[in-house]
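# Coordinate analysis (summary)
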Amino acid sequence: MGALDKYERQVVSDLGLVCKGWRDATLYTHRLWCAITISSTDRLSGHQKATKWLERSRSMPKTIEYHSLWNRCECSGRQMCHSTNPLLIKLLSEGPLLHHFELQVARRECFKNWIAAMGATKKTHSFPRPWDSLRSFELTFDNEEHDRWDQLEEPAQSIFNILPPVTSLSIHLPPADNAFPNLSGTETDSRYGVLDIPRDLLIGLTTLTLSCDWKGTRLLAILQHCTNVETLSLDFNLQRFPFMHEHDYPFSKALANCPILLPKTHTLRLSQAGTAEVLKYLQAPALTHLHLEFSGSEIQITDFENTIPRFLRVSRATGSLLTLHISNASISGAHLRRSLSGLRSLKLLSLDHIELRDTLFIRSAPGDAIHPHLPSVEHFKLLELNSDYKSIGVACLDERRGCTPCIMTVSFQKKHSDYEYIQHYASLFLWKENASITLLTIPPI
Ligand SMILES: [Zn+2]
């Protein structure tokens, strides 16, 4: 359940008015009360109500999410900055202790205004403030404001210096074409973006999410210090060539030869990625879960042929990876087969919205082992298949001798005529008659 805004909170309150039983049911469901959303239009008069709401969650970890209702903030003029909403500042300085806080700001100036407002409360309130006890922080810079991130800033003045020592950090940076505009309004070079996150903060993180479509090696410079990160999520916001022009620079050359060691990372997610190239610069020996979501376009041919197999090999993860999710890509079946080769402990393989250009599962001769050989897979998910689903080669999976029994979940894209759609399911039904795999379909047939 997500954080409730004031209208949703009113619905919960109204449910409690139906009768004593319903009131008790809402009061004892503590998770209903542990997360609230505050918006820039909420007034200070709502402070007592919001505090009482969070207190009803008793000992559960508490969350406040703050969203501005507008993309723009006029605080450079005489208007009050949205990020210094008095209700928000009072809750962060006097409310119950917080576990997680999400802040959305229009631009860096607004974040500085928010810091100044919090700094002012430091002088007037005794410790600990809710903000000081925070373990998890998510910061989003709005997409719409032009705010030049290429203007030089001393590391000592970095806007990230004041963050409390959280263990979970999410930063969503503005898109490159907003953060690095030139006079004609087009993107200049995001390689020179300013992004100084203190090293001590990075070392203390166990969860890191970075959403960034800037080019260059800023991201890698950050990851170098993430020695305790267990869950790492990188969102490239559809950037197709984040490391373009970097290959010949000494820093990236050195990392390509000796990748950054992420010793504790068990879960790695790439989102909206135009390429998996970042994996060239990483090694994650504790990796068990790999999630690769591409941007939908045809990905670089080397990704599944070289980059991913090499990353798994360098990380020594081929024998320990448990789940692999790949989505939104057009791939050669032969290249995908290469990436899946040797994943002997894989339990879940999920291919979602994948267009295969040739057959994935093959058998050289009757009686031979199937390639790729995935003996431990308990669940294949083949989701949002299109009409070329036969290129999966599912018929090969009829006899998985010596392998773990498995379930296959299949769904088709609903972009064809109803007749074609039904035909896809009908052909699967025929296959199911002979298959040794338990077949589940969405919707069920
Ligand atoms: Zn502002």
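Just so it is clear, the model here is predicted, and its values are computed rather than measured.

## A few points about the overall build of the protein chain
- Each helix and strand counted, the protein chain has twelve helices and 16 strands in total.
- Projected onto the principal axes, the alpha-carbon positions of the protein chain cover approximately 80 × 65 × 40 Å.
- In the protein chain, which comprises 445 residues, the proportion classed as buried is 31%.
- Long-range contacts, defined as pairs at least 24 residues apart, comprise 79% of the intrachain contacts of the protein chain with a sequence gap of at least 6.

## Considering the nonpolar core
- One finds Leu282 and Leu321 to be the most contacted residues of the largest nonpolar core, which totals 94 residues.
- With sequence-adjacent residues up to four places away left out, Leu321 is seen in contact with Leu287, Thr288, Leu290, Leu312, Leu343, Ser345 and Leu346.

## Digging into the packing of helix H3 (residues 47–55) against helix H4 (residues 86–94)
- Following both chains from N to C, one finds H3 and H4 inclined at 40°, their axes separated by 10 Å at the closest point. In terms of orientation, H3 and H4 fall into the oblique class. The crossing of H3 and H4 is right-handed. Facing H3, whose interface residues are His47, Ala50 and Thr51, H4 presents Leu87, Lys90 and Leu91.
- Here the residues of the contact of H3 with H4 sort into three nonpolar, two polar and one charged.

## Some details on the environment of Phe111
- Within the secondary structure, Phe111 is located in helix H5 (residues 108–124).
- Along the primary structure Phe111 and Ser158 are separated by 47 residues, whereas in three dimensions their C-alpha atoms are 11 Å apart.
- If we skip the residues at most four places from it in the chain, Phe111 touches Ser83, Val105 and Ile159.

## Details of the environment of Gly393
- If you trace the backbone, Gly393 turns up in the loop between strand E14 (379–385) and strand E15 (407–412).
- Judged by local crowding, Gly393 falls into the partly exposed class, with 19 C-beta atoms found within 10 Å.
- Separated by 31 residues in sequence, Gly393 and Ile362 place their C-alpha atoms 6.5 Å apart.
- Those residues in contact with Gly393 that sit more than four places away from it in its chain are Thr359, Leu360, Phe361 and Ile362.

## Some thoughts on the domain arrangement of the protein chain
- According to the domain assignment, the protein chain contains domain 1 (1–132), domain 2 (165–180 + 189–287) and domain 3 (318–445).
- Averaged C-alpha coordinates put domain 1 and domain 3 at centres separated by 46 Å.

## Quick look at the packing of helix H10 (residues 302–314) against helix H11 (residues 333–340)
- Where H10 contacts H11, the two axes come as close as 8 Å, and the packing angle between them is 10°. Viewed along their axes, H10 and H11 adopt a mutual orientation that is roughly parallel. Packed against H10, whose contacting residues are Phe304, Glu305, Ile308 and Pro309, the element H11 presents His335, Leu336, Arg338 and Ser339 at the interface.
- Residue composition of the contact of H10 with H11, by class: four nonpolar, two polar and two charged.

## Focus on the pairing of E14
- Sheet topology note: the strand E13 (residues 348–356)/E14 ladder contains five bridges and is parallel. Opposite Leu349, over in E14, you have Phe380 as the bridge partner.

## Some points on unusual backbone geometry
- For the bond running from His371 to Pro372, omega is -5°, close enough to zero to count as cis.
- For Pro372, the location among the structural elements is in the loop between E13 and E14.
- Even without glycine at this site, Arg316 takes up a positive phi of about 55°.
- As for its placement among the helices and strands, Arg316 is situated in the loop between H10 and strand E12 (323–331).
- Residue classification places Arg316 among the partly exposed residues on the basis of 13 C-beta atoms within 10 Å.

## Quick word on H3
- Looking only at H3, the buried set comprises Ala50, Trp53 and Leu54. The buried residues of H3 occupy an angular sector of 95° when projected down its axis, which confines them to one face. Across H3 from its buried face, at more than 90 degrees, point the exposed residues Gln48, Lys52 and Glu55.
- Those residues of H3 that are buried are in contact with helix H1 (6–15), strand E1 (35–39) and H4.

## Details of H10
- When H10 is considered as a whole, its buried residues turn out to be Asp303, Phe304, Ile308, Phe311 and Leu312.
- Just past H10, the residue Arg316 takes up positive phi, approximately 55°.

## Digging into the pairing of E12
- Of the strand pairs in this sheet, strand E11 (residues 289–294) and E12 are connected by five bridges, and their pairing is parallel. Each bridged residue has a counterpart across the sheet, and for Glu293 the counterpart in E12 is Ser327.
- Direction of pairing for E12 relative to E13: parallel, over a ladder of eight bridges. Following the sheet pairing, Ser330 is matched in E13 by Glu355.

## Side note on the environment of Glu378
- Counting through the fold element by element, Glu378 comes out in the loop between E13 and E14.
- The spatial distance from the C-alpha of Glu378 to the C-alpha of Leu349 is 8.6 Å, given a sequence separation of 29 residues.
- Apart from the residues lying within four places of it in its own chain, the contact partners of Glu378 are Lys347, Leu348, Thr404, Cys406 and Ile407.

Calculation notes
- Residues numbered from 1 in each chain as written.
- Predicted model: local features only at pLDDT ≥ 70, side-chain atom pairs only at ≥ 80, totals over all residues.
- Helix = DSSP H or I, 4+ residues; strand = E, 2+ residues; numbered from the N terminus.
- Buried ≥ 20, exposed ≤ 12 C-beta atoms within 10 Å, placed from the backbone.
- Contact = placed C-beta atoms within 7 Å.
- Core = buried A, V, L, I, M, F, W, Y, C linked by C-beta atoms within 7 Å.
- Axes fitted to C-alpha atoms, helices over the stretch in contact; angles between N-to-C directions.
- Parallel < 35°, antiparallel > 145°, perpendicular 65-115°, else oblique.
- Left-handed = near helix turned anticlockwise from the far one by under 90°.
- Nonpolar A, V, L, I, M, F, W, Y, C, P; charged D, E, K, R; others polar.
- Domains from an automatic or database assignment.
- Pairing = 2+ DSSP bridges.
- Arc of directions from axis to C-beta.

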